[in-house]
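Descriptive structure summary
The lines below spell out each chain.
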Amino acid sequence: MRRKNYGFVLRNLISRDFKIRYRNMSLGVFWSLLNPLVMMAVLTFVFTRIFPNVAVKNFHISILSGLVIFNFFSLSWQSATVSIYGNSGLIKRVPLARELLPVATVLANSLHFLIQIGLLVFLALLAGYAVNAYWLLLPVIFALEIVFVCGLALVTSALDVYFRDVRYVVESANTVLFWLVPIFYSFAMIPPEYRSVYQYNPVAAVVLACRAIIMEGRMPPESLLVKLPVVSVSFLALGFLLFRRLQRKFADYL
Amino acid sequence: MPFVRFYHVSKVYSRQSRQFFWRFFVETMGRKPREPIRALNDVTFELGAGESLAVIGHNGAGKSTLLSLVAGLTTPESGLVEVEGRVMALLELGSGFHYDMTGAENLRLNAALCGLTKKQTEERYQQIVDFSELRSFINEPLRTYSMGMILRLGFSIAVHVEADILLLDEVLVVGDQDFQQKCLTRILRMKQEGKILMCVSHAPDMLRMLCERALWIESGAVIMQGAAGDVIDAYRAGSVPVNAS
């Protein structure tokens, strides 16, 4: 557990997760593109034909930006939460820096996230949105989301070893978040008295920033650009601290 | 110089129910919590460079717990564990392997997990494949391997990591005669180079060949330790000779 080759281990763990995910499937990595496209099509149909929704132009881009960001958050958080339990063979038999397991799971999901961001950018350009200077902020914002999920995953993956209920808590939290992150509605539609609640939701903040930049061509609110890094980095620090404490007894509980 | 030192080490596993609310309910009803299991009880020994220790005892005696403590996979409740040097633990066949990946992919992943850098892995890749004698099978998925082949791969990686302390838990028995012989030769050479070896096995002949010293534990407590031949004889006879320590 006192090794100096973290980078190499991390790269190997990420490539393992990435390779295994779609191995032996004929469409392979295309599923990363197909999944959000199908969801986008269904949600666009429902919210333009069944519940006519006139407020947003290019509704499918709005939906896709929400979906891509939320999907990454939810998938990587859920799979990283069970990453310690799922690798109990490694935990019990191989001395390694264990925090690499949840982090590698999140980063492997980030590769799919990257592919889906590519899809989003492609469709946005196709819909006629132009590249502007604020696009330079996009990688930073996405990176901060990854940092945030890593922190969250370190906490829940460690707790899941002691209380297996944690995975179901995470699952339920994600179901709730699907509705509380503005995926198929816009910020403008949220009644003002609830808006302050949304401020404290980093996933919603990422969606808001992403839409502001791509669809409105403007700078995201400054308060958001301060809160997001503060929240993300402190979560990561908290995650590492808590994980360090809890990991000593992992082998006894698995 | 590498060393392994245990001073009065005890390890306890709790047997309390992990269902928090159920436990709370049961305990308020006045039932006493279950006695914890003492996996190791006041174990003391010391190993220096080039020394080798066989750990024997019946199933559940605490042998694997002992090796886990050396590897730093778990921590003792009391006592002191001091380990100096890089540890290579081969505690179970195929731990850390993924069955949907090929032998070569598993080799790289496992080498990384065992502490090799990218450069070292690439340098030793061919040696490891040659030692394992898996040849073209190395590019097949692991689920097509036999137990013996998985052992070959795992063991070949383990001896090429060049750790200072090698831990083996009942893994050599699966290989065929030739491969076992090759492994024994290799391990004996590592000992001459000053590496520390700790071995758990139920094959007395192999232990006699590999280890100079032995530690016999039952229910976590040391029954006898000393020269491997004496301890193994006593273990097989089922009692400690009167004149032994």
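Residues numbered from 1 in each chain as written. Chains lettered and ligands numbered in written order. Predicted model: local features only at pLDDT ≥ 70, side-chain atom pairs only at ≥ 80, totals over all residues. Heavy atoms only, no water.

**Here's the deal with the overall build of chain B**
Cut-off, in case you're wondering: For the purposes of this entry, the term helix denotes a DSSP run of H or I that reaches at least four residues, the term strand denotes a run of E that reaches at least two, and both are numbered from the N terminus. Throughout, exposure labels follow a simple rule: accessible area from a 1.4 Å probe, protein chains only, divided by the maximum for the residue type, with under 20% read as buried, over 50% as exposed, and the rest as partly exposed. Contacts were defined at the residue level, with two residues in contact if any of their heavy atoms lie within 4.5 Å.
Within chain B, the regular secondary structure consists of 8 helices and 9 strands. With the principal axes as the frame, chain B shows a C-alpha extent of 65 × 55 × 30 Å. Across the 245 residues that make up chain B, the buried fraction comes to 51%. Looking at chain B alone, contacts between residues at least 24 apart form 70% of all its contacts between residues at least 6 apart.

**Topic: the domain arrangement of chain B**
Residues and elements named next belong to chain B. Rule in force here: In this document the domain limits rely on a domain assignment from an automatic tool or a database. The quantity reported as buried area is the accessible area (1.4 Å probe) lost by two parts once they are put together, taken as the sum for both. Pairs of N or O atoms are called polar contacts if they sit within 3.5 Å, as long as, within protein, a hydrogen donor faces a hydrogen acceptor (for residues adjacent in sequence, only side-chain-to-side-chain pairs).
Per the domain assignment, the segments making up chain B are domain 1 (1-26 + 36-85 + 165-171 + 194-245) and domain 2 (89-163). A straight line from the C-alpha centre of domain 1 to that of domain 2 covers 27 Å. Taken together, the 10 residues of domain 1 in the interface contact 9 residues of domain 2. It is Leu 166, Leu 167 and Val 171 that lose the most area in domain 1 upon contact with domain 2, and together they represent 49% of the buried surface on that side. At the surface where domain 1 touches domain 2, the tally comes to 2 residue pairs in polar contact (both at pLDDT 80 or more). Elements with a minimum of two residues in the side of domain 1 that touches domain 2: helix 2 (63-71) and strand 6 (165-169). In terms of residues, the side of domain 1 that touches domain 2 owes the most to one element, strand 6, which gives 4 residues.

**Structural notes on the packing of helix 3 (residues 103-113) of chain B against helix 4 (residues 118-132) of chain B**
Angle between the axes and distance between the axes: these two values describe a pair of packed helices. Residue and element names in this part refer to chain B. Counted only if it meets this: Orientation is described by axes fitted as lines to C-alpha atoms, over the contacting stretch for helices, and by angles from 0 to 180 degrees between their N-to-C directions. Roughly parallel covers angles under 35 degrees, roughly antiparallel covers those over 145, roughly perpendicular covers 65 to 115, and oblique covers all other angles. We call a crossing left-handed when the near helix sits turned anticlockwise from the far one by less than a right angle, and right-handed when that turn is clockwise. All residues other than Ala, Val, Leu, Ile, Met, Phe, Trp, Tyr, Cys, Pro, Asp, Glu, Lys and Arg, Gly among them, are scored as polar; the first ten of these are nonpolar and the last four charged.
Where helix 3 meets helix 4, the closest approach of the two axes is 11 Å, and the angle between their N-to-C directions is 130 degrees. One element, helix 3, and the other, helix 4, form an angle in the oblique class. In this structure, the crossing between helix 3 and helix 4 has a hand that is right-handed. On helix 4, the residues touching Ala 104, Leu 107, Arg 108 and Ala 111 of helix 3 are Thr 121, Glu 122, Tyr 125, Ile 128 and Val 129. Split into classes, the residues belonging to the contact of helix 3 with helix 4 amount to 6 nonpolar, 1 polar and 2 charged.

**Some thoughts on the state of the cysteines**
For clarity, the cut-off: The disulfide definition used here is simple: a pair of cysteine sulfur atoms within 2.5 Å.
In this structure the tally under the stated criterion is 0 disulfides over all chains. Residue Cys 150 of chain A stays outside any disulfide, its sulfur separated by 19 Å from that of Cys 210 of chain A, the closest cysteine. Free cysteine: Cys 211 of chain B, not disulfide-bonded; nearest cysteine sulfur from Cys 199 of chain B at 4.6 Å. Residue classification places Cys 211 of chain B among the buried residues on the basis of a relative accessible area of 3%.

**Thoughts on the environment of Met 39 of chain A**
All names here are of chain A. Tracing the chain through its elements places Met 39 in helix 2 (residues 31-50). Sequence separation between Met 39 and Ile 63 is 24 residues, and the spatial gap between their C-alpha atoms is 9.0 Å. Apart from the residues within four sequence positions on either side, Met 39 is in contact with Leu 67 and Phe 178.

**Observations regarding the interface of chain A and chain B**
Note the cut-off: A side-chain nitrogen of Lys or Arg and a carboxyl oxygen of Asp or Glu constitute a salt bridge if their distance falls within 4 Å.
At the junction of the two partners, chain A supplies 31 residues and chain B supplies 33 residues. Both faces considered, chain A and chain B share a buried interface measuring about 2700 Å² in area, 55% of it formed by carbon and sulfur atoms. Among the salt bridges present, the one from Glu 92 of chain B reaches Arg 93 of chain A, with a minimum N-O distance of 3.6 Å. Taken together, the links from chain A to chain B amount to 7 residue pairs in polar contact (both at pLDDT 80 or more). Mapped by element, the contributors of at least two residues to the side of chain A that touches chain B are helix 1 (6-22), helix 5 (88-93), helix 7 (137-162) and helix 12 (250-253) of chain A. Of all the elements, helix 1 of chain A adds the most residues to the side of chain A that touches chain B, at 8 residues. Its residues assigned to classes, the side of chain A that touches chain B comprises 14 nonpolar, 4 polar and 13 charged.

**Let's talk about the pairing of strand 9 (residues 221-227) of chain B**
Residue and element names in this part refer to chain B. Quick note on the threshold: The pairing criterion for strands is at least two bridges between them, as found by DSSP.
Both strand 8 (residues 213-218) and strand 9 contribute to a ladder of 6 bridges, which runs antiparallel. Residue pairing across strands places Trp 216 opposite Met 224, the latter belonging to strand 9. Between strand 8 and strand 9, which pair antiparallel one after the other, the connecting turn spans 2 residues, and Ser 219 there sits at a positive phi close to 45 degrees.

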